[in-house]
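# Architecture at a glance
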Amino acid sequence: MNLARGLERRLEKLVDGASASVFRGRMHPIDIASRLVRQVEFLSTDTPAGTQIPNDLIVRMNAADIDVTLDRDHLTRELVAVVTETAIERAWRLVGPVQVQITTSTDVPRGILDAEGTSKVGPVPTWGQLIANDGSAVLEISINRTLIGRSLDSDIRVANQEVSRHHVVIYREDGITMIRDLDSANGTFVNEVRIAERPIPLVTGDTVMLGNLAFTYRPIF
């Protein structure tokens, strides 16, 4: 799905469920969500696995910008969904489930949305697996931009000398699973073809070799 269209559709769902009175002289829910996405991108950091955004977010707004009749819990749930789905579409790394807390204060100027956030490790659903061809292991892929390597700071640690400290990263972007080698010493091979640092798509049944360790990729729907 086109990224812009996908985000627009997500935000339209937010509007459909919101009180109509919110649109009279107050910040539109679509505007709230769009501004939050921009703030989250501004708060992003670089990691060995790629761009990471905070998942524990505090949103500050002027109290007058939100209609008192608006279902605040519904708005919060939709903002969580917007950030989560945008992260998947844009290949942003999330180390835990997205949480959003909305706070209001007259100290925040009208028409301004400010956000701060931290990365809080927590359980996220598994969306893919690398199944060892010899039956010895199943690597569960859950974090978007999952870092696989021998190092202790890897999301999935493979304690084998054939595997580099930071060997490979697997992630989703705009509905496609991608794999990227991180300049590993012994290489990453997909269907017996060595890949470079340029990411390539990964599909069901592909054979992935980390050095001489062979796995089969399987998505979880």
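Before any of the text, the structure's been laid out above.
Let us look at the structure shown here. Since the model is a prediction, treat every value here as computed from it, not as a measurement. (Residues numbered from 1 in each chain as written. Predicted model: local features only at pLDDT ≥ 70, side-chain atom pairs only at ≥ 80, totals over all residues. Heavy atoms only, no water.)

Glancing now at the overall build of the protein chain. A count of helical and extended segments in the protein chain gives 3 helices and 16 strands. Long-range pairs, those at least 24 residues apart, make up 58% of the contacts in the protein chain with a sequence separation of at least 6. By element, 50% of the accessible surface of the protein chain is carried by carbon and sulfur atoms, the whole surface being about 11100 Å². (Helix = DSSP H or I, 4+ residues; strand = E, 2+ residues; numbered from the N terminus. Contact = heavy atoms within 4.5 Å. Areas by Shrake-Rupley, 256 points an atom, 1.4 Å probe, with all protein chains shown as cover.)

So, on to the nonpolar core. Ile32, Leu36, Ile53, Leu57, Met61, Leu79 and Val100 are the most contacted members of the largest nonpolar core, which totals 24 residues. Secondary-structure elements contributing two or more residues to this core are α2 (29-42), β3 (56-61), α3 (72-90), β4 (99-104) and β5 (113-118). (Core = buried A, V, L, I, M, F, W, Y, C linked by side-chain atoms within 4.5 Å. Buried < 20%, exposed > 50% of the residue type's maximum accessible area, 1.4 Å probe, protein only.)

Sheets are built from strands paired through backbone hydrogen bonds, the pairs being either parallel or antiparallel. Spatial strand order, β4-β3-β5: 3 strands in an open sheet with mixed pairing. In this open sheet, the two strands that pair with only one neighbour each are β4 and β5. The average undirected angle you get between the axes of adjacent strands in this sheet is 20°. Inspection of the sheet shows β3 paired to β4 by 6 bridges, in the parallel sense. Directly across from methionine 61, in β4, lies its bridge partner threonine 104. With respect to the sheet, α2 is in contact with β3 and β5, its orientation differing from that of β5 by roughly 45°. Sheet strands touched by α3: β3 and β4. Its angle to β4, the strand with the most contacts, is close to 135°. (Pairing = 2+ DSSP bridges. Axes fitted to C-alpha atoms, helices over the stretch in contact; angles between N-to-C directions.)

Here we come to the sheet that holds strand β13 (residues 193-195). The antiparallel open sheet is built from 6 strands, whose spatial order is β7-β6-β16-β15-β12-β13. The open sheet is flanked by β7 (138-141) and β13, the only strands paired with a single partner. Shown here is a sheet whose adjacent strand axes are inclined to one another by a mean of 30°, direction ignored. Note that strand β15 (residues 207-210) and strand β16 (residues 213-219) share 4 bridges and pair antiparallel. For valine 208, the partnering residue across the bridge sits in β16 and is phenylalanine 215.

When we look at a pair of aromatic rings, we describe it by the centre distance and by the angle of the planes. Within this structure, the stated rule accounts for 0 aromatic pairs. When the ring centre of tyrosine 171 is taken as origin, the NZ or CZ atom of arginine 145, which lies over that ring, is 4.1 Å away. (Phe/Tyr/Trp six-rings, centres within 6.5 Å; stacked < 30°, edge-to-face > 60°. Lys NZ or Arg CZ within 6 Å of the ring centre and 35° of its normal.)

The geometry of α2 relative to α3 is characterised by a closest axis approach of 10 Å and an angle of 45° between their N-to-C directions. Between α2 and α3, the crossing angle belongs to the class labelled oblique. Every pair of crossing elements has a handedness; the one defined by α2 and α3 is right-handed. Across from Pro29, Ile32, Ala33, Leu36, Val37 and Glu41 in α2, the residues of α3 making contact are Leu75, Leu79, Val82, Val83, Thr86 and Arg90. Classifying every residue of the contact of α2 with α3 by side-chain character gives 9 nonpolar, 1 polar and 2 charged. (Parallel < 35°, antiparallel > 145°, perpendicular 65-115°, else oblique. Left-handed = near helix turned anticlockwise from the far one by under 90°. Nonpolar A, V, L, I, M, F, W, Y, C, P; charged D, E, K, R; others polar.)

Here we come to unusual backbone geometry. Of note in this structure, aspartate 174 is not a glycine but carries a positive phi near 50°. With respect to the helices and strands, the residue aspartate 174 is situated in the loop between β10 (168-173) and β11 (176-181). According to the relative accessible area criterion, aspartate 174 is partly exposed, its value standing at 31%. Within the chain, aspartate 183 stands out as a residue other than glycine whose phi angle is a positive 55°. Within the secondary structure, aspartate 183 is located in the loop between β11 and β12 (188-190). A relative accessible area of 60% means that aspartate 183 is categorised as exposed.

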